[in-house]
Every structure is written in C-alpha cells, then in structure tokens.
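An overview of the molecular structure
Single-letter residue listing:
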Amino acid sequence: MSNFSLLIDVLKQPKRLKSLLSFNSKGYLNTIGWFNAFDTQSPVDEKGNPIPWVTYSFIDFIKDRLKPEHAVFEFGSGNSTIFYAQRTGIVVSVEHDKEWFDKITSTKPENAEMIFCELQRDGDYCRMPVKLGEEFDIIIVDGRDRVNCCIQAVEALSANGVIVLDDSERPGYRDGINYLLDKGFKQIPFSGISPGLFYYKTTTVFYKPDNCLGI
C-alpha cells in the first residue's frame, strides 16, 4: 500500500486521526522522547540526553544493569559512545568513517577511546577488539561487517561477557547469530521501534551463565 493510500485510510477514520495528532503531546512516543529523536534526527531521550540507536526495549533493559566496572567495546560509534561512557568504566569504539570519527572524537567523554580503522571485510576492523589484547565485558556489534564482528568478538570477551547485536532481525546476519549459538550462547531478543524511526527491528543480547548483566 502506498503512503497516499495509507493517508486516505487514516483520514477515513476520525478516531485514528485524532489519536495520531495527539501523540506529540501525550502517550508513549512522547514519554520516551521519540519525537525529540525524530526532530533532531539523532538518538536522544525525552530530555535530549544521548542514547543508542537501538530498540527502546533494549535500552530499558540495559540502562540499569551497566556498572562502573564494566569495559565496553563498540563496533560503530555515536551517541551510544556517550551513553555507555556515562555508565561504565571505559568504552572503546572502532569507526571506519573518518569524517564521523573526527566528529565523535572531538566531543567524546574522557573515558572513551576512539580508533579509526579502514573497512575491509574480514580484516582489521572486525578483529580490533582481539588485536587490542584486552577483555571486554560488553561488545556492541552495531557497525559494518557484523557477521565477522560477531565471530571475532567471542575471542575478546571477559569470562562473564555478553555480545549485543543490533538489527539482528536482518537475514544477512543469520550466520553470525548461528555462530554464537553454536558457541553455547543463549539469546534474548528485544524488539520494537528505535529513536526517531518507526519500523520494527530487534536488538539481541547473547549471553552465558554468570554473565555481567545478571541474566
């Protein structure tokens, strides 16, 4: 159905139209700050604070489980870097886009480290957490080459570490998911909408017993 047909369908049903027009002043979308994110085209909450561009259900789940002793690694950077840095001990992010890297580096928190790496499939980018020789409690896969990032992330996890894969509903990431499941990880999918966007997506946590998030 085209956007025009959808609009006509809504106009034919006054109750729906009235409800839609009220969303910017009350209701769930206003409460979570979805309109703030839509207007600014950036992931922020109802107070304008930075949040990750993941599902709201995942944000609700993880925000109170993050601890100062956690070390986080991110494939991809942005408002999520600030969000995690405000709640954990250190965040290390690898970024392949030089212009974006420069922008985030200029505003990053003191406990956030940015690494620029040119993107090459199954190259240094996906191997960055392993190459650092450190262990991370939470590895966020939200950049490019995600299947290989999932595969390499396993080798850089702490004993109680977890892996988070955004957009895990996409068929192209199935091989990465299967790899993690074969390695003994269990999964919890968090589905719904994300800041400023109105399509269905999923952010999934992969974990083992005695994990750092208390699952």
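Note: the structure precedes this text.
What you see is a predicted model, and the numbers here were worked out from it, not measured in a lab.

1. Looking at the packing of helix α8 (residues 124-131) against helix α9 (residues 146-153)
Each pair of packed helices can be described by the angle between their axes along with the distance between the axes. Two numbers describe how α8 lies on α9: the axes approach to 8 Å, and their chain directions differ by 15 degrees. The orientation of α8 relative to α9 falls into the category roughly parallel. Crossing of α8 over α9 shows right-handed handedness. For the pair α8 and α9, the contacting residues are Tyr-125, Cys-126, Arg-127 and Val-130 in the first and Asn-148, Cys-149 and Gln-152 in the second.

2. Topic: the packing of α9 against helix α10 (residues 174-182)
One can describe the packing of α9 onto α10 by two numbers: an axis separation of 7 Å at closest approach and a directional angle of 15 degrees. If you check the angle between α9 and α10, you find them roughly parallel. Handedness of the crossing formed by α9 with α10: right-handed. On α10, the residues touching Val-147, Cys-150 and Ile-151 of α9 are Asp-175, Gly-176, Tyr-179 and Leu-180. Across the contact of α9 with α10, the residue classes tally to five nonpolar, one polar and one charged.

3. Some thoughts on the pairing of strand β2 (residues 90-95)
Moving residue by residue along a regular strand, the side chains alternate between the two faces of the sheet. With five of six residues buried, β2 is to be regarded as a mostly interior element. Where strand β1 (residues 71-75) meets β2, five bridges bridge the pair, whose relative direction is parallel. Note that in β2 the partner of Phe-73 across the bridge is Val-92. Tracing the backbone out of β1, into helix α6 (residues 79-85) and back to the parallel element β2 gives a crossover that is right-handed. After leaving β2, the chain enters helix α7 (residues 98-107) and then returns to the sheet as strand β3 (residues 112-116), a path that is right-handed.

The rules behind each value
Residues numbered from 1 in each chain as written. Predicted model: local features only at pLDDT ≥ 70, side-chain atom pairs only at ≥ 80, totals over all residues. Heavy atoms only, no water. Axes fitted to C-alpha atoms, helices over the stretch in contact; angles between N-to-C directions. Helix = DSSP H or I, 4+ residues; strand = E, 2+ residues; numbered from the N terminus. Parallel < 35°, antiparallel > 145°, perpendicular 65-115°, else oblique. Left-handed = near helix turned anticlockwise from the far one by under 90°. Contact = heavy atoms within 4.5 Å. Nonpolar A, V, L, I, M, F, W, Y, C, P; charged D, E, K, R; others polar. Buried < 20%, exposed > 50% of the residue type's maximum accessible area, 1.4 Å probe, protein only. Pairing = 2+ DSSP bridges. Right-handed = clockwise from strand over helix to strand, strands pointing away.

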